[in-house]
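# Chain and residue survey
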Amino acid sequence: MSTFDPGLAEVLAAETRLSHVDGEAGELVVGGYPLEVLTAHATFEEAVYLLWYGHLPTRTELAELQQQLAQLRELPSLTLDVLSHAAADGRPPIDALRMAAATFDLGVGEEMLAAAVLARMGTAAATYGRLRAGHAPVAAKPELGHAAHFLYLLEGVVPDAERARALEIYQMTVADHGLNASTFTARVITSTGSDLVSAVTGALGALKGPLHGGAPGPALEMVFEIGDAARAEEVLRAKLAQGERLMGFGHRVYKVRDPRADVLAAAASSLMAEGEQQELYRLAKAVEETALRVLAELKPGRRLDTNVEYYTALLLHGVGLEADMFTPLFAAGRTAGWIAHCHEQRTVGRIIRPQSRYIGEVHTAWTPIDAR
């Protein structure tokens, strides 16, 4: 009889070359490269190629992938209809993205499907943000990179290089992260012999759950609530005394500082180097330092260090995005990893079918309906 593990935390369900998460050492390796090395040198498209094909692209290979993504950015008319109706109905962005994803294979052959799903996920997320703001969608610009194109579709103007690069670093940071809930969902669906669009749509459904995707926005809201570094300790102690959780601290996997937090903190520092942005960055750093000290004092042994949400919220705010766009943007980056895992799972050729242990009654006597 197998041992019951309700969260499957100790169950080894896949072998992968895509990413390695070491929670004790605080390390994330993507395609063989430490995250900080990859994000320091690669473009998002290079990271995608690495995940999909197992090596960094040559100039020719990179240009081919960039051209594929650019050619496939335009959304099918049915996808635009879905997004328009969702906006009129006031649906949350992640719901609209889930509904739209089911149409991403329209007009695309199998050989181009992966590129279409990735390209259209970003387009759909940005287009929905624009529709919700009451603006008409804008036409795609094939000359822009993946991250810059997202901001262009959302805002209607070509972004400056600094904002585009900050967003690109974020998308690489979240592209893959072990066998998390949404990735496992995609692999389970793929293992049945189902198609890529179904797997990615299912992954979006898993990401919607607050225990998985999380909500980076509250971490920044806490910083704004504090407002002044001199108030940080007072506010944080009060929150903990009331049983509240300090948003942006602690992670189920990482028992030390989340390596993604360091990458995003450096990106935020570079992006928010002047004026009010710099003041906000300094405030966030001061709040972080105070929070870590207070948590160490009041919750000794809990190992509650800074996680990815803290600097995700700060960086994306610095880029100029509203909080309700954070999760759709996460999905637009993570889609690269979902697709890579689907490809990897397809080579296994075996359905994922774990066992369950029955704990109900047996041999129960039937009670006629009039006697119940």
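These remarks concern the structure in this document. As the structure is a prediction and not an experimental result, all values here were calculated from the model.

### Quick look at the pattern of salt bridges
A full pass over the atoms with the stated rule returns 18 salt bridges. The salt bridge involving Arg-237 is made with Glu-233; its shortest N-O contact spans 3.0 Å. Placement of the pair is Arg-237 and Glu-233 together in helix α12 (residues 232-241), with a separation of four residues, close to one helical turn. Given the relative accessible area of 27%, Glu-233 is considered partly exposed. The network of salt bridges with shared partners includes Arg-91, Asp-95, Arg-98 and Lys-208.

### Here's the deal with the nonpolar core
Formed by 111 residues in total, the largest nonpolar core has its most connected members in Trp-52, Phe-150, Tyr-310, Leu-314 and Leu-321. A per-element tally of this core places helix α6 (residues 113-132) first, with 13 residues. Every residue in contact with Leu-321, bar those within four places of it in the chain, is listed here: Phe-150, Leu-151, Leu-154, Leu-167, Leu-316, Phe-326 and Leu-329.

### Considerations on helix α10 (residues 196-208)
Across its 13 residues, α10 extends 19 Å between first and last C-alpha, which sits within 8% of the 18 Å expected from 1.5 Å per residue. Along α10, the residues classified as buried are Leu-196, Val-197, Ala-199, Val-200, Thr-201, Ala-203, Leu-204 and Leu-207. Between the side-chain oxygen at the start of α10 and the backbone nitrogen of Val-197 there is a gap of 3.2 Å, and the oxygen is on Asp-195.

### Digging into the side chain of Gln-345
One can find Gln-345 in helix α16 (residues 326-348). Judged by its relative accessible area of 5%, Gln-345 falls in the buried class. One polar contact links Gln-345 to Arg-187, side chain to side chain, over a distance of 2.8 Å. Discounting chain neighbours no more than four positions away, the residues touching Gln-345 are Arg-187, Thr-190, Ser-191, Arg-350 and Ile-352.

### Topic: the pairing of strand β2 (residues 27-30)
Residues of β2 alternate between two faces, with Leu-28 and Val-30 buried on one and Glu-27 and Val-29 left unburied on the opposite face. Alignment of strand β1 (residues 19-22) against β2, held across four bridges, turns out to be antiparallel. By the bridge assignment, Ser-19 is partnered in β2 with Val-30. The antiparallel hairpin formed by β1 and β2 contains four residues in its connecting segment, where Gly-26 sits at a positive phi of about 70°. Linkage of β2 to strand β3 (residues 33-34), two consecutive antiparallel strands, is achieved through a turn of two residues, within which Gly-31 is found at a positive phi near 60°.

### Description of the environment of Glu-274
Relative to the elements of secondary structure, Glu-274 occurs in the loop between α13 (259-271) and α14 (275-298). Put simply, Glu-274 and Val-138 are 136 residues apart on the chain and 31 Å apart in space, counted from C-alpha to C-alpha.

### A word on a negative patch on the surface
Judged by side-chain charge, Asp-105, Glu-110, Glu-111 and Asp-195 come together as a negatively charged surface patch. When you line up the elements, Glu-110 lands in the loop between α5 (93-101) and α6.

### Notes on helix α9 (residues 181-191)
An α-helix turns once every 3.6 residues. As a result, residues three or four positions apart point the same way. Of the residues making up α9, those classed as buried are Ser-182, Thr-183, Ala-186, Arg-187, Thr-190 and Ser-191. Just beyond α9, the residue with positive phi is Gly-193, at close to 90°.

### Describing the environment of Asp-95
Within the secondary structure, Asp-95 is located in helix α5. Under the relative-accessibility criterion, Asp-95 is labelled buried at 5%. The spatial distance from the C-alpha of Asp-95 to the C-alpha of Val-48 is 25 Å, given a sequence separation of 47 residues. Side-chain polar atoms of Asp-95 contact the side chain of Lys-208, separated by 2.7 Å.

### Quick look at a nonpolar patch on the surface
Taken together, the side chains of Tyr-33, Val-37 and Leu-56 present a nonpolar region at the surface, about 210 Å² in accessible area. Its place among the elements puts Val-37 in helix α1 (residues 35-41).

### Some points on unusual backbone geometry
Backbone geometry at Leu-8 places phi at a positive 60°, although glycine is not the residue there. By secondary structure assignment, the location of Leu-8 is in the segment before β1. The class for Leu-8 is partly exposed, based on a relative accessible area of 41%. The backbone of Arg-303 shows a phi angle near 55°, a positive value even though the residue is not glycine. On the secondary structure map, Arg-303 appears in the loop between α14 and α15 (308-319). Residue classification places Arg-303 among the partly exposed positions, given a relative accessible area of 42%.

### Regarding empty space enclosed by the protein
Inspection of the entire model under this criterion finds one cavity of 30 Å³ or more. Lining the largest cavity, in full, are Arg-73, Ala-119, Gly-122, Thr-123, His-146, His-149, Phe-150 and Leu-153. Going through the elements one at a time, α6 and α7 (146-155) are the ones with two or more residues in the lining of the largest cavity. Looking at which element gives the most residues to the lining of the largest cavity, the answer is α7, with four residues. Partitioning the lining of the largest cavity into residue classes produces three nonpolar, four polar and one charged.

Reading the values: rules and limits
- Residues numbered from 1 in each chain as written.
- Predicted model: local features only at pLDDT ≥ 70, side-chain atom pairs only at ≥ 80, totals over all residues.
- Heavy atoms only, no water.
- Salt bridge = Lys/Arg side-chain N within 4 Å of Asp/Glu carboxyl O.
- Helix = DSSP H or I, 4+ residues; strand = E, 2+ residues; numbered from the N terminus.
- Buried < 20%, exposed > 50% of the residue type's maximum accessible area, 1.4 Å probe, protein only.
- Core = buried A, V, L, I, M, F, W, Y, C linked by side-chain atoms within 4.5 Å.
- Contact = heavy atoms within 4.5 Å.
- Expected span 1.5 Å × (residues − 1).
- Polar contact = N/O pair within 3.5 Å; in protein donor to acceptor, adjacent residues only side chain to side chain.
- Pairing = 2+ DSSP bridges.
- Patch = residues over 30% accessible without salt bridge, like charges linked within 9 Å, V, L, I, M, F, W, Y side chains within 5 Å.
- Areas by Shrake-Rupley, 256 points an atom, 1.4 Å probe, with all protein chains shown as cover.
- Lys, Arg positive; Asp, Glu negative; His and termini not counted.
- Charge placed at Lys NZ, Arg CZ, Asp CG, Glu CD.
- 1 Å grid on protein atoms, 1.4 Å probe; cavity = no way out; pocket = protein on both sides within 12 Å on 5 of 7 lines; lining within 4 Å.
- Points joined across faces, edges and corners; volume = space filled by probe spheres on them.
- Nonpolar A, V, L, I, M, F, W, Y, C, P; charged D, E, K, R; others polar.

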